Amino acid sequence: MSDLTLNAETRTQFGKGAARKIRRDHKIPAVMYGHGADPVHITLAAHETMKALKTSNALLTIVLDGKEQLALAKDVQRDPIKPVIEHIDLVVVLKGEKVTVDIPVHIEGDAAPDTMVTTDSTSLELEVEATHIPEGITISVEGLEAGTQILAGQVELPKGATLITDAETLVVNVTAQVSEEALEAELADAEAEAIVEHRCKRTGLLGHQRGWANRQLEHEVVELQRGRHGAQRGGQHERLDECLAVQKLSIPVRGVGVFGVRFERVGDAVGDGHRVV
């Protein structure tokens, strides 16, 4: 881990107005605390600080009134729109002290042909010496076959590091690559299911009525998606009306809605003296 030195100045003015003035002067308000000492409010040069914090878990040497203090950035508040750091919380650390940090995971190598590598955990929480924080953890997937999984407890850690993350946490998952045909079929099934649910909600089908209509609608939607109706697609509304089988459901049609029909409400009387159930 690189040792980055930043010169600091003591901050005596506080509040939003003072903070805005500090940022206009191309500086960043910050606070430094830890090990039971009183918080120290400081300002840091904006450009140098932003460069230093591009490295994750950067160990900073803060020089204040001629004295040096090691610190880690615990919290960095950034402007949501502009590339500006608004405030930094720094935690004091000592040489030889151990700290808990998130270390990014890097994948290298190529798995076996026709496989897909997924990184389920992009970082691992480790306890390491403050002066020896690794920049990353490299995991090789070279030649790994489909079905291979790498758990946190199986990852080779840097010397002196202790794993804090649950050892059973999945880090890397190697699966068989999905063919284009299988992917299209899966997407078609998902789309058909969504359409069926949407239409049943719009028509207000309840209980056993919804179960029957689901099966009928699902079959019809799949047929339409596969293009078996071809030029008859223009008759989609009529085909869907047939699937709903209004007569079998004993539900009268009040009017036709988008992609289906609108029914009388449950309990409403119908022309032959029956009620919708």
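In this report, we go over the structure that sits alongside the text. (Residues numbered from 1 in each chain as written. Predicted model: local features only at pLDDT ≥ 70, side-chain atom pairs only at ≥ 80, totals over all residues. Heavy atoms only, no water.)

## Topic: the sheet that holds strand β11 (residues 149–151)
What counts here: Criterion used throughout: strands pair if DSSP finds at least two bridges between them. Only DSSP runs of H or I covering at least 4 residues are called helices, and only runs of E covering at least 2 are called strands; the numbering of each starts at the N terminus. Convention adopted: a line fitted to C-alpha atoms gives each axis, helices being fitted over their contacting stretch, and angles between N-to-C directions are expressed from 0 to 180 degrees.
Reading across from one edge, β8-β13-β11 is the order of the three strands in this open sheet, with antiparallel pairing throughout. Looking at which strands have only one partner, the edges of the open sheet turn out to be β8 (115–119) and β11. The sheet shows a mean angle of 10 degrees between the axes of neighbouring strands, taken without regard to direction. Two strands pair when backbone bridges link them, and β8 and strand β13 (residues 170–176) are joined in this way by five bridges, in the antiparallel orientation. Looking at β13, one finds that M116 is bridged to T175.

## Some words on a nonpolar patch on the surface
Rules: Here the term patch refers to residues with relative accessible area over 30% and no salt bridge, with like charges joined within 9 Å and nonpolar side chains (Val, Leu, Ile, Met, Phe, Trp, Tyr) within 5 Å. Areas reported here follow the Shrake-Rupley algorithm with a probe of radius 1.4 Å; residue values treat only the protein chains shown as occluding. In the sections that follow, a salt bridge refers to a side-chain nitrogen of Lys or Arg positioned within 4 Å of a carboxyl oxygen of Asp or Glu. Working definition: with a 1.4 Å probe on protein chains only, accessible area under 20% of the residue-type maximum means buried, over 50% means exposed, and in between means partly exposed.
A contiguous nonpolar patch, built from V178, L183 and L187 and spanning about 270 Å² of accessible area, is present on the exposed surface. Inspection of the secondary structure puts L187 in helix α3 (residues 180–203). Residue classification places L187 among the exposed positions, given a relative accessible area of 54%.

## Concerning the pairing of strand β7 (residues 98–108)
Relative to strand β9 (residues 123–129), β7 runs antiparallel, the two being bridged by seven bridges. Considered in β9, the bridge of D102 is made with E125. Judged from the four bridges that link them, β7 and strand β10 (residues 137–140) form a sheet pairing that is parallel. The residue of β10 that forms the bridge with I107 is I139.

## Things to note about the environment of I22
Formally: In this description, contact between two residues means that some pair of their heavy atoms is separated by no more than 4.5 Å.
Relative to the helices and strands, I22 is located in helix α1 (residues 16–24). On the basis of relative accessibility, which here comes to 12%, the residue I22 falls in the buried class. A sequence separation of eleven residues divides I22 from R11, and the C-alpha atoms of the two residues are 9.4 Å apart. Here I22 is in contact with R11, K27, I28, P29 and T43, once residues within four sequence places are set aside.

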